[in-house]
Structures are given as structure tokens and as C-alpha cells.
Amino acid sequence: MSDATVDPRFRRKPPKRPLRLSWADERVRGIVWQVVVVAIIGGIIYWLWSNTVHNLEVRRIATGFGFLWREAGLPIAEHVIPYEPTDTYFRALTVGVLNTLKVAVVGIVLATILGTVVGIARLSKNFLVSKIAGFYVEVIRDLPLLLQLLFWYTVMQGLPGPRQAFHPAEGLYFSNRGFRFPALEWEGAHTAALAACVVGTVLTWLYARVARAKQMADGQPRKIWPAAIALILGLPIFVWLALGAPWTIDWPALRGFNFRGGMAVSPEYAALLIGLVTYTAGFIAEVVRAGILSVNQGQWEAAQALGLRHGSVLRLIVLPQALRVIIPPMTSNYLNLTKNSSLAVAIGYQDIVSIANTTLNQTGQAIEGIAIIMLVYLTISLSISLFMNWYNAKIALVER
Amino acid sequence: MSDITANTPIHGSSAPRDAPMATTGPIAWLRANLFSGWLSTAVTLLLGYLIVRAVVGIVDWAFINAIWSVPLSPTGVAQTQVCRDLQGAGACWAVVTEKHRFMLFGTYPYEQHWRPAIVCLLFIGLYIVSAMRRFWNWTLVPIWIVTLTAIGILMWGGVLGLPYVPQERWGGLPITLILATFGLAFAFPLSILVALGRRSSLPAIKVLCVVYVELIRGVPLISLLFMASVMFPLFLPEGMNIDKLLRAQIAIILFAGAYLAEVVRGGLQALPKGQYEAADAMGLSYWQKTGLIILPQALRLVIPPLVNTFIGFFKDTSLVLIIGIFDLLTAGKTAIVEPAWQGFGVEVYVFVGLIYLCFCFAMSKYSQGLEAELNRHRRR
């Protein structure tokens, strides 16, 4: 509706009525109600706050965040950055945050992969495949995550000891001390190759943009994959070869009562990751299924009628439309996974909740400890939301 | 066309053709759903093999090699050596046989276990009555009040000749059901108020509701439970103390309220604007409009997601394990602390999991049925 069709009398704003000091005036009622509600909530908060201040004084509990710079003295088994019990609480809490991120990021990636596979499997024409996927989704979503985590942890503890470790292939050990994998000994050449890979990805992206622009100009599609392979795979390999191609594998081996060398995954981390991934994948599977079903069958048919191949139909027509339905609920599933990683405290994985909990028990400063937990999760939640909202806006339907 | 080909044999080939492939019947079903191509056939065969292997393994473990009871030593300690000798080849259901009363009812006095048992049945009856659409009106309110009072009397006792049982001795399934039921009974009205507040035109109320919802949804439930268990005592004046279960209950109500509020808000937003305008045009006040026109329609729209959220909270009550409240999962975990039963966690968690599964599966099926029924008018 354009402006021309609107009656000019309605274009003016209605004249502002003077405020009458009467209960019959809607605006007066609104102001009174707001003042009442704010006063009640403010009163409750003030009451709780004054009680707290009084209690803290009576119980001689210190306040403030000064304790962050004191020696923590709490041992942490798993740390991404170097850490000793003699380090400060601040460093201990940082280790906790990194441990949370370690499980959350890996969990989100794996849960997305597993969830997508299960979601597509539920739509499979094969009766067995779709029924198994349906059974998995139904059962996994109806059991509390905490129960599943305890179950997996019990299973981990039930594995044989290091000496009788389950040993399916050379360098692979599964025992109640965790998993061991062979690892690459990291050297400067590997870092250089990784950097080359990043540079290659950026160059590929630039090349794809140029190719797309040229296609828009003359209508000729250009192949991107040869350049992508050369830049993303070829360039790092060339750099690695140029630097002498170092290649030393660190094999795990049994020394005494435990393993040495290789990459280690603790039973706590493994149980937490398996539990979080299988649980969240059940929810993601439903999201993916709903997203794919939301694309009208006519879209497939129309795309095939245009002569697009199956892969192109999926990539250019179906996925962009399905993603619009998938992204918002996917975001909340990612947030849930991150928040659920706090259940680590029940099985002894030292994430931020576990370390902050130990900190508040040692220092007695409950308010600061819980404030730190909440702050960390609010920051993580907000970051994921912002990123996913940006992505969602990017793929949203562009309408007139 | 068919007449011509039938009457004029070309090239003299009049050999009878094979009958067309069946498109109905069990063989056609098998061909369409299990063996539609070489890939599908391979997947079917592989999965079929794995399923048979898994089923045989589970039946062996859970039934054939399982041990259902173990003798007690004269001192009353269970002799679990026979279970340990199995070395995982069979389940040791003896732990469930021995400990099921403890897992279900916790440390409640043994000879009074019939009381929490009746409480559980009352809760289940309450859920069934609430699920029936016939009762979706004001009669539900007295039903809930009467049942919850009866539950309180049964659990505490002290009247009608029932011995008094302090709240510290409650445990197991009744605690889970109490946390879930009372949590939802209080969180649901709270969530409606918050959802209305979030859509209110009054800025102060809107801001309060937005801050509440976003703050609670941004942090994990555990942090709220920790807050309830270690921070809450600091909030209260000296000498005043609320017991731990009630504090956890408050945390669960606040948590559930924020999530339910978002679901209810979805219903409020989905309602066409004309309904609001029509109610205004009738001259209804805000509360008349909300209570008589908006909420009945908006809530009906969101019943399926509401039930899904309820399932989530039923599962989330298990988190009270972390602050040491004796619910079903905590009771299960405690049952295997005893040295005799250490290492039989899998059996216990399977038992506890089956109980959760029964409740959640029933709710989930109910929600699906309801969704289909409420959407019947949309189907052509």
C-alpha cells in the first residue's frame, strides 16, 4: 500500500491527550502498575542484598575478587595450557574455561555430524535404517543426560586395566585409564604447513569470489575444485616437503602401570563427550529431519525440470531452503550442549563449574564463585547466539 | 496401441512376457523397503546381521546369563562373588532385586514404604486425569489441590495415625515426582505472567521480563542449583532457614518458568492480531481480554511444545544429584556405593533409566497424539 492511497487525515498523528490524574486513564494505570511492580521487585532485591551484606559481615566472609590472585593449590588433571597447583586461582579458572570450550567445541562438531546422519537416516527409504534411527532418537531423548553420563562413565571404568588394555590395532589402547592414540610429534614444519593451509583456504575463497563474479558477467561456469585442491592441499604439502618433511610418530607404550607417549584421552573426557554427542545428536536429528521435510517436493521437481543434477539440486535449491528452518533450532541445541557440558562436575571432569565449585569451597566466597560460572556461560551463550544470528541473517530469505 | 501390438505380432515374437512385478503384498513391500537397489540390499543385510548379533548379545547378557538373586551372609551382607565371577558375561540383576526398595523410596522408613508407593500412584493418576481433555477446565484446580494435599499428608504423616516422617528421610521416585510436579505447577502460571509481561506495552515490566528470561536461559541449571544450595542461605535474614529440597524446588521453578515463558510467548505471537483488536473493540479490559480471548487460543496452539518442555524438565530434575538431594538417580547412584555392590552400575542405571523412559515415553507419545488431534482440522 503506497502513501497515495492513505487518507491524508490519517497521516497525522492523533493529538496528544493531556494526562488525566484518574484511574480511568489507561496511561495513568500503566504508570502506576509499573511503579508498583518495580518497587516490589526492587524491595525484594534490596532486602536480599541487605541480608547478604549482613550475613557476610557476621560470618566474616571476605568479598571481592582479590582471591583470584592467590595460590590455588588445587590439582587439575587435564589442562590445555601449562598449569601447576602453585598457580593462581585465575589461571585455574582459565584452565576450567578452556576445558569447557574443549568439550563444547568438539561436541558441537561431532553432534552436528552424527545428528545430520541420523536425521537423514530417519528419512531413508530403507525400512531398517529409518526404524533404527527412529528408535535411537526416541530412546536417547527420553533418558536424562545425567543418567547417560553416569552410565558411560561406569562403562569406562569397567574397561580392563592398562595391562590387559583392549588393543584392536597397533598404537590403539582402550583401558580404564582412558584411550591412547599414536600422535604426530609436532615440529615447526607442521606449524608452517598449517599456516599454509589457512592461507590456501583464504586464497580459494578469493578465487571462488572472482570465478562467481566472472560467471555472473558471461554466464560460463568455472571449475573451482582444481584450484581448491591445489591451494588447500597442495600448498601445505609443498611447504611441508620444502621444510624437510619431518614425520615422527609418537607411539604409546606400556611403562610400568600406565601408558607413556601418544595422545591421551581421559575416561572422564571420553564419557562426557560420548554422552553429550549422542544425546544432542538425537535432538539435532529431529531438527534436520524437520528441515528437510519442510522443503516442498515441488522444489525438487522444478529443479530437476531445469536440468540440474541431484547434487546441484541439493546444494543450490534444497539445502538453502532447509537451512532457514534448521538454523534457529540448531542454535538452541548448540547452546544446550554447551550448558549441558556443566554436568561434567558429576563425573569428575574438571570444567569451569567443577573448578569454580572447588574454588568457592576453598575460599568460602560463594557469591563470587557462582558469579564467575554465570558470567562464563552467559559470555559463551551470547557469543554462540551472535554468531548463529549473523549466519541466520546471511542465509535468510531476501524479500522485497 | 495395446490392441495393435496384441493382434499384429511383429518379428514373429509372440513368446509370453513375464508377469509384471507385484506392487502389493509382502514381497513387493520387501522389495520396495529393504532391497530396492544393491546399496539398499547391502545396508539391509549388514544391519540385519548387526541387529541379530546385538539382540543375541543383549538377551544373553540380560536374561540367559543373568543372576537374579544372591544369598545373604549371616551378617546380612550380600554374597556377590557369584556375580563377579561372570566377569560381565551376564547381568547381575540381584542388585536390583536387593536394592529396588531403596532406589524407589530412599531412606524412608522401611515398614512405611506403602505411603510413598501410594504417593507415586497418586501422582500418576493426577497426570492421567490432567492429560484427559474432558478435564481441561476449572475442575482441574480442585483435583490438583486435593491430590497434592493428600500427597503431603501421606509423605509427612503426623496426622490420622500415620507416624511423622521428617523430610530429610524422603527419597527416590517420590522426590523426582515432587520436584517435577510442583515445579511445573508453579512455573506454568509464572511463565504465563512473564510471557504476557514480555509482550506488554509497559517498558519497565517488559525490561524486567526480558532480563529474567534471557539471564536464566543463558546459564546452566546447575549454576542455579549451586546458587540455591550455597548462596541462598546468605540471602535470608539470620535464623531463618529454608530446607534444601525447597531451595532446589525454587531454583527449578525459576528455571522452568523462563523456558516455558518462551513457549507461551510463541503462542501469543502466533495468534492473529485480529483477535486482540476484536477483543479491544468489544470493550473488554486487559485481563478479560487475556483470560477469555487470548490465552485459551494461544495455549492451545502451544500444547505440543509445552509437553516437550515438560519432558525436558522431568529429566532435568535429575540434576539435583549434584547438590546431593536424594532423588531417583541419586538413590540409584548411592545403592552401588556399598562395597558388596560396587561395579554393578550398568544394571542399576538400566533399571533407573527404564523408569525415566516409561514416564518420558508416555509423555512423548501423548504429545504426538495430541498434536495430531489438534491439527486434525488442518488436514485435508
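Predicted model only: the values in this text are computed from it and were never measured.

Asker: Can you explain the overall build of chain A? Please cite residues and give values.
Answerer: The helix and strand inventory of chain A stands at 12 helices and 7 strands. Here chain A has a C-alpha radius of gyration of 29 Å; the compact-globule value for 400 residues is 21 Å, and the former is much larger. Taken along the three principal axes of its C-alpha coordinates, chain A extends 85 × 80 × 50 Å. Relative to its 400 residues, chain A shows a buried fraction of 37%. A fraction of 65% describes how many contacts in chain A between residues 6 or more apart in sequence connect residues 24 or more apart. The positive charge centre, built from 35 side chains, and the negative charge centre, built from 22, are 10 Å apart in chain A.

Asker: Which residues make up the overall build of chain B, and what are the values?
Answerer: Counting secondary structure elements, chain B contains 16 helices and 0 strands. Taking 2.2 N^0.38 as the reference for a compact globule, 380 residues should give roughly 21 Å; the C-alpha atoms of chain B span a radius of gyration of 29 Å, well beyond that estimate. Its C-alpha atoms put chain B at 110 × 80 × 40 Å along the principal axes. Looking at chain B as a whole, 44% of its 380 residues are labelled buried. Looking at chain B alone, contacts between residues at least 24 apart form 71% of all its contacts between residues at least 6 apart. Summing over all exposed atoms, chain B offers an accessible surface of approximately 20500 Å²; the carbon and sulfur share of this is 68%. Treating the 27 positive side-chain charges of chain B as one cloud and the 19 negative ones as another, the clouds have centres 8 Å apart.

Asker: Outline the interface of chain A and chain B, listing residues and values.
Answerer: Between chain A and chain B, the residue contacts involve 52 residues of the former and 55 residues of the latter. When chain A packs against chain B, the two sides together hide about 4500 Å² of surface, and 75% of this comes from carbon and sulfur. By the criterion of area lost to chain B, the three top residues of chain A are Q34, D142 and L147 of chain A, representing 12% of everything that side buries. Taken together, chain A and chain B are joined by 0 salt bridges. With 14 residues, helix α2 (residues 26-58) of chain A is the single largest residue contributor to the side of chain A that touches chain B. By residue class, the composition of the side of chain A that touches chain B is 35 nonpolar, 11 polar and 6 charged.

Asker: So what about the UniProt feature "transmembrane region" (unreviewed entry) in chain B? Which residues, and what values?
Answerer: Residue and element names in this part refer to chain B. Per the UniProt record, "transmembrane region" (unreviewed entry) is found at residues 38-64, 113-129, 141-165, 171-196, 208-236, 248-268 and 348-366. A helix fraction of 100% and a strand fraction of 0% characterise residues 38-64, whose end C-alpha atoms lie 37 Å from each other. Taken as a whole, residues 208-236 contains 90% helix and 0% strand, while its terminal C-alpha atoms sit 23 Å from one another.

Asker: Lay out the UniProt feature "transmembrane region" (unreviewed entry) in chain A in plain terms, naming residues and giving numbers.
Answerer: Residues and elements named next belong to chain A. Here the UniProt feature "transmembrane region" (unreviewed entry) sits at residues 30-49, 103-123, 189-208, 228-249, 269-292 and 370-391. Within residues 189-208, the helical portion is 100% and the strand portion 0%, while the C-alpha atoms at the span's ends are 28 Å from each other. With 68% helix and 5% strand, residues 228-249 has end C-alpha atoms that lie 28 Å from one another.

Asker: Mind laying out the sheet that holds strand β2 (residues 178-181) of chain A, listing which residues take part and the relevant values?
Answerer: Residue and element names in this part refer to chain A. Taken in spatial order, the 3 strands of this open sheet run β1-β2-β7, and their pairing is antiparallel. Both edges of this open sheet fall to β1 (173-175) and β7 (263-265), since each of them pairs with a single strand only. Looking at each pair of strands side by side, their axes are set apart by 15 degrees on average, direction ignored. Strand direction decides the pairing type here: β2 and β7, joined by 3 bridges, are antiparallel. If you follow R180 over to β7, its bridge partner there is A264.

Asker: So what about the domain arrangement of chain B? Which residues, and what values?
Answerer: When its domains are assigned, chain B resolves into domain 1 (27-64), domain 2 (81-106 + 187-378) and domain 3 (108-170). Just the C-alpha atoms count here: the centres of domain 1 of chain B and domain 2 of chain B sit 38 Å apart.

Asker: So what about the packing of aromatic side chains? Which residues, and what values?
Answerer: Residues and elements named next belong to chain B. Taken as a whole and assessed by the stated rule, the structure comprises 21 aromatic pairs over all chains. On the numbers, 6.2 Å between centres and 25 degrees between planes, the contact of F123 with Y127 is stacked. Taken together, the residues F123 and Y127, both in helix α6 (residues 114-131) and 4 residues apart, mark about one turn of the helix. Ring geometry for F314 versus Y356: centroids 5.9 Å apart, planes at 70 degrees, classification edge-to-face. Of this pair, F314 sits in helix α14 (residues 303-316) while Y356 sits in helix α16 (residues 345-374), and the two are 42 residues apart along the sequence. Taking the relative accessible area as the measure of exposure, Y356 reaches 1% and is therefore buried. Each member of the aromatic cluster is reached from another via a ring pair, and the members are W61, W68 and W93. Above the plane of the ring of Y110 lies R101, whose end atom (NZ or CZ) is 4.3 Å from the centre.

Asker: Break down the side chain of R247 of chain B for me, with residues and values.
Answerer: All names here are of chain B. Within the secondary structure layout, R247 lies in helix α11 (residues 244-270). One buried charged side chain, R247, makes no salt bridge at all; its nearest oppositely charged neighbour is D243, positioned 6.5 Å away. Not counting chain neighbours up to four residues away, the residues in contact with R247 comprise A228, S229, F232, P233 and I242.

Asker: Tell me about the packing of helix α15 (residues 328-335) of chain B against α16 of chain B, and please be specific about residues and values.
Answerer: All names here are of chain B. Relative orientation of the contacting elements α15 and α16 amounts to 165 degrees, with a least axis distance of 9 Å. Accordingly, the angle class assigned to the pair α15 and α16 is roughly antiparallel. Of the two elements, α15 crosses α16, and the hand of that crossing is right-handed. From α15, L328, L329, G332 and K333 reach across to α16, where they touch V348, Y349, V352, I355 and Y356.

Asker: Residues and numbers for the pairing of β2 of chain A, please.
Answerer: All names here are of chain A. One ladder, built from 3 bridges, connects β1 with β2; its direction is antiparallel. Following the sheet pairing, S175 is matched in β2 by G178. What sits between β1 and β2 in their antiparallel hairpin is a turn of 2 residues.

Asker: Outline the confidence of the model for chain B, supporting the account with residue identities and numerical values.
Answerer: Segments scoring low in pLDDT should not have their predicted coordinates read at a detailed level. A residue-level look at chain B finds 95% of positions with pLDDT of 70 or above and a mean pLDDT of 84. Mean pLDDT values over the elements of chain B span from 50, in helix α1 (residues 2-7) of chain B, up to 91, in helix α8 (residues 173-198) of chain B.

Asker: Hey, could you go over helix α4 (residues 127-141) of chain A for me, with residue numbers and the actual values?
Answerer: Taking 1.5 Å as the rise per residue, α4 of chain A with 15 residues should run 21 Å; its terminal C-alpha atoms sit 21 Å apart, in good agreement. Within α4 of chain A, the full set of buried residues consists of L128, V129, S130, A133, G134, V137, E138 and I140 of chain A. On the buried face of α4 of chain A, the contacting elements are α3 (89-122), α5 (145-157) and α8 (267-294) of chain A together with α3 (38-64) and α16 of chain B. In this structure N126 of chain A caps α4 of chain A, since a side-chain oxygen of it lies 3.0 Å from the backbone nitrogen of L128 of chain A.

Criteria and cut-off values
Residues numbered from 1 in each chain as written. Chains lettered and ligands numbered in written order. Predicted model: local features only at pLDDT ≥ 70, side-chain atom pairs only at ≥ 80, totals over all residues. Heavy atoms only, no water. Helix = DSSP H or I, 4+ residues; strand = E, 2+ residues; numbered from the N terminus. Rg over C-alpha atoms; globule rule 2.2 N^0.38 Å. Buried < 20%, exposed > 50% of the residue type's maximum accessible area, 1.4 Å probe, protein only. Contact = heavy atoms within 4.5 Å. Lys, Arg positive; Asp, Glu negative; His and termini not counted. Charge placed at Lys NZ, Arg CZ, Asp CG, Glu CD. Areas by Shrake-Rupley, 256 points an atom, 1.4 Å probe, with all protein chains shown as cover. Buried area = accessible area lost by both parts, 1.4 Å probe. Salt bridge = Lys/Arg side-chain N within 4 Å of Asp/Glu carboxyl O. Nonpolar A, V, L, I, M, F, W, Y, C, P; charged D, E, K, R; others polar. UniProt positions renumbered as here; feature names shortened; annotations may be inferred. Pairing = 2+ DSSP bridges. Axes fitted to C-alpha atoms, helices over the stretch in contact; angles between N-to-C directions. Domains from an automatic or database assignment. Phe/Tyr/Trp six-rings, centres within 6.5 Å; stacked < 30°, edge-to-face > 60°. Lys NZ or Arg CZ within 6 Å of the ring centre and 35° of its normal. Parallel < 35°, antiparallel > 145°, perpendicular 65-115°, else oblique. Left-handed = near helix turned anticlockwise from the far one by under 90°. pLDDT = per-residue confidence, 0-100. Expected span 1.5 Å × (residues − 1). Polar contact = N/O pair within 3.5 Å; in protein donor to acceptor, adjacent residues only side chain to side chain.

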